[in-house]
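Descriptive analysis of the structure
Each chain, letter by letter, is given below.
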Amino acid sequence: MKKGAVLAVQGKAGQFWRVEWQKGRLGFLPLAAGKEAPGAKPNLKTVAEAMQSEAPSIRLANLDTSRGGLETDQDHLTLTGVANDANGMRDLQIFVQHENDYRKVFFRTARKPGQQAVGSPTQLDFHTELALKPGNSTVVIIAREDDDLQSQRTIVVHRKQPVVAQKQGVPERAQR
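Structure report, in brief. (Residues numbered from 1 in each chain as written. Predicted model: local features only at pLDDT ≥ 70, side-chain atom pairs only at ≥ 80, totals over all residues. Heavy atoms only, no water.)

So, the overall build of the protein chain
Assigned secondary structure in the protein chain consists of 0 helices and 11 strands. For the protein chain, the N- to C-terminal ordering of α and β elements is β-β-β-β-β-β-β-β-β-β-β. The proportion of buried residues among the 176 residues of the protein chain is 31%. Here the analysis covers contacts within the protein chain between residues at least 6 apart in sequence; of these, 58% occur between residues at least 24 apart. When the accessible surface of the protein chain is split by element, carbon and sulfur atoms take 48% of a total near 12900 Å². (Helix = DSSP H or I, 4+ residues; strand = E, 2+ residues; numbered from the N terminus. Buried < 20%, exposed > 50% of the residue type's maximum accessible area, 1.4 Å probe, protein only. Contact = heavy atoms within 4.5 Å. Areas by Shrake-Rupley, 256 points an atom, 1.4 Å probe, with all protein chains shown as cover.)

Structural notes on the sheet that holds strand β3 (residues 25–30)
Within the open sheet, the 3 strands sit side by side as β1-β2-β3. Their pairing is antiparallel. A strand with exactly one partner marks an edge of an open sheet, and here the two such strands are β1 (8–13) and β3. In this sheet, adjacent strand axes meet at a mean angle of 35° when their direction is disregarded. Here 5 bridges tie β1 to strand β2 (residues 16–22), and the two strands are oriented antiparallel to one another. Paired with A13 across the strands is F16, a residue of β2. (Pairing = 2+ DSSP bridges. Axes fitted to C-alpha atoms, helices over the stretch in contact; angles between N-to-C directions.)

Side note on the pairing of strand β10 (residues 135–144)
Most of β10 is tucked away, with 8 of its 10 residues classed as buried. In terms of strand pairing, strand β7 (residues 91–98) meets β10 through 7 bridges, oriented antiparallel. The residue of β10 that forms the bridge with Q97 is T138. The pairing of β10 with strand β11 (residues 150–159) spans 10 bridges and is antiparallel. Across the sheet, the residue bridging to R144 is Q150, located in β11. Counting the residues in the hairpin turn of β10 and β11 gives 5 residues.

Shown next, in the form of structure tokens:
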């Protein structure tokens, strides 16, 4: 927010002003960053959204899920991608669920034991082969910044039933 912006104050919350920065959108501004201006008309042109914390992003490099789930004949799925967080990553986990079988199949940590988010890597790459059973499997990718902030990406993969070759019999000769 630039100097001179005028916001409608909804009230105080601790050391913050509760303000309306867009129609129907509320935010918080430190008390020290603003002052009361009774009767002033709100001017929102210089106000922009600034997130204090943003959940990690997860990008898949080898799959296009823009049209929904995936379908395959293969008994495995290669999953490659990257998770990013400007404040530092904690870890990345991948789970696969098929019917009532839910398993963690991949884990990568970004921190050494006891290390805080500050100074930890901001990116975790992943590459793994996932075993698939016939039918629907749900793949869940979880990227965590810390205990309170994480993102999740879910992919549904349908593995077709394996085709079983049938023995082609030679027709028996007609009996005379």
